[in-house]
Each structure stands twice: as structure tokens, then as C-alpha cells.
Amino acid sequence: MKKKNQIIGVIAVVLALGSASLQAAPLITPKEAQMPAASGELKTRGIARGPGIKVISPDVTAPEIKGPFDLKVVFESRGGNKIDASAVKVTYLKATAVDLTPRLKDAITENGIDFAKAEVPPGEHSVKITVKDVDGRESSTVMNLVVGK
């Protein structure tokens, strides 16, 4: 009977953790969204030797995104070099940049980012994703999100 109760307890914990992961989590807070916009021009290099970055979800070409949404990004290695997951950096582009990487830490792997139910306040948001491979070659892309109410 004691072993059965322990198994039931473990199942309850697993179910609780599973349902917690289905809840929405803030990617950008309303306070951060109200910060002044970044100024200047974002410069990128034309040489694309670093890893590829492909945004799967949300559809950044859509006129408006409804939240919460699943953030799915795929990293593509080049020349057989592995992606350095510890070097991935995600930044909210504001006058004072906001490092979003710690919020995504558990969702980042060498294959990409898989962050379920990302909460982002309504408005226009620019998020920069920077990826490096194990040889230090770097690529970055900017996701422009238009989130509706």
C-alpha cells in the first residue's frame, strides 16, 4: 500500500509539472514594452558563414499575432559545426536593451528555441536572436512582432 501511495504521489507531481508548462509565461513584460524604442540603425554583416536561424512560429509575416503564442526557432549548423547553445542570446531591442535569454534558458538547445505560450503585450516589438557555433562563427536575425490585443 505504501508503494502504491508513493507511485500515486509521483504521478501527481508529474501531472502538476506538465500542466504548469502549459501555462503562459512572460517573454516581454508590459513595463519593458513601455520603455523607449531603440534608436539608430541595426547593422548586420553580409557574410553568412555562421549558423542559420529560421523562425517557425509565430508567423512574423502576419499583419498581427495573437498571444500567447508558441515561440519556435530552428538553428541550422553550417559546415558540420555544432551550435553552441550556451552562446545563444535573445535581446529585446529597446533604448536600453533587455536580455531575454534567462527567461528562455530552459527552452534553448543546440537545435533551436521551443518556448510555449509566450506572453507579449500588444504592440510592435523587435527581438534579436544571436547564435554561435562551436568555432565562434556568429549569425543574428531580428524578429519584428506585431501583437494584437
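Rules used throughout
- Residues numbered from 1 in each chain as written.
- Predicted model: local features only at pLDDT ≥ 70, side-chain atom pairs only at ≥ 80, totals over all residues.
- Heavy atoms only, no water.
- Helix = DSSP H or I, 4+ residues; strand = E, 2+ residues; numbered from the N terminus.
- Buried < 20%, exposed > 50% of the residue type's maximum accessible area, 1.4 Å probe, protein only.
- Polar contact = N/O pair within 3.5 Å; in protein donor to acceptor, adjacent residues only side chain to side chain.
- Contact = heavy atoms within 4.5 Å.
- Core = buried A, V, L, I, M, F, W, Y, C linked by side-chain atoms within 4.5 Å.

Draft legend 1. Quick look at the side chain of Ser 139. With respect to the element layout, Ser 139 can be found in strand β9 (residues 138-147). The buried category is assigned to Ser 139, whose relative accessible area is 14%. At a separation of 3.5 Å, a polar atom in the side chain of Ser 139 contacts the main-chain carbonyl oxygen of Gly 50. With residues near it in sequence (within four places) discarded, Ser 139 still touches Gly 50, Pro 51, Ile 53, Ile 129, Thr 130 and Val 131.

Draft legend 2. Representation of the nonpolar core in the model. The biggest cluster of nonpolar side chains holds 27 residues, and the ones touching the most others in it are Leu 27, Leu 71, Phe 75, Ile 113 and Ile 129. Residue assignment for this core shows that the elements contributing at least two residues are β3 (69-76), β4 (89-92), β7 (112-119), β8 (123-132) and β9. Per-element accounting of this core gives the leading share, 4 residues, to β3. Discounting residues that sit within four places of it in the chain, Ile 129 has contacts with Ile 53, Val 73, Phe 75, Lys 89, Val 90, Ile 113, Ser 139, Ser 140, Thr 141 and Met 143.

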